[in-house]
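Structure assessment
Below, each chain spelled out in residue letters.
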Amino acid sequence: MRITSTSTTDEVLREIGGRLRDYRLQQNRTIDELARDAGVGTMTVKRTEAGERPTLASLVKLLRALGRLETLEACLPQPAVSPLQLSASRGRERQRARPPKGAPMGTSARTAADD
């Protein structure tokens, strides 16, 4: 399966879990070996491979143990700052987002699909 913007959260988690399982099997490692090397429990590995909502910390530990941590850099690179944004911010790093124009204070642009 290909992960797309229309994939549900559960579909994405199952796909990530399946890919982790495939990497583990390519390295001919058991769940117990991966759990030990990652410093997590065997149930954590099993649940992650099944797509059962792993924590971010567990995912990072598993990717590191599989030698795949650098893939996060490819899928989530550091955001580039445009020259216009840099000029507008006068060199200061942005600390928070603004609500959309016309939106009442305290609202967010997030949707149910984000969860």
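Shown above is the structure to which this text applies.
Now for a quick tour of the structure. These numbers come from a predicted model, not from an experiment.

1. So, the overall build of the protein
- Helix and strand counts for the protein stand at six helices and zero strands.
- Reading the protein from its N end, one meets helices and strands in the order α-α-α-α-α-α.
- By residue count, 21% of the 115 residues in the protein fall in the buried class.
- Contacts in the protein between residues at least 24 apart in sequence constitute 46% of all its contacts with a sequence separation of at least 6.

2. As for the nonpolar core
- Membership of the largest hydrophobic core is limited to 11 residues, which are Leu20, Leu34, Ala35, Ala38, Val40, Val45, Leu59, Leu62, Leu63, Ala65 and Leu66.
- Going through the elements one at a time, helix H2 (31-38) and helix H4 (56-65) are the ones with two or more residues in this core.
- The residues touching Val45, leaving out its near neighbours within four places in the chain, are Ile31, Leu34, Ala35, Val40 and Leu62.

3. What about the pattern of salt bridges?
- Inspection of every chain in the model, using the stated rule, returns five salt bridges.
- One salt bridge connects Arg19 with Glu15, and the closest N-O pair in it is separated by 2.9 Å. Note that Arg19 and Glu15 are positioned in helix H1 (residues 9-26) at a spacing of four residues, about one turn of the helix.
- One salt bridge in this structure joins Arg29 and Asp37, with 2.5 Å as the shortest N-O distance.

Rules and cut-offs
- Residues numbered from 1 in each chain as written.
- Predicted model: local features only at pLDDT ≥ 70, side-chain atom pairs only at ≥ 80, totals over all residues.
- Heavy atoms only, no water.
- Helix = DSSP H or I, 4+ residues; strand = E, 2+ residues; numbered from the N terminus.
- Buried < 20%, exposed > 50% of the residue type's maximum accessible area, 1.4 Å probe, protein only.
- Contact = heavy atoms within 4.5 Å.
- Core = buried A, V, L, I, M, F, W, Y, C linked by side-chain atoms within 4.5 Å.
- Salt bridge = Lys/Arg side-chain N within 4 Å of Asp/Glu carboxyl O.

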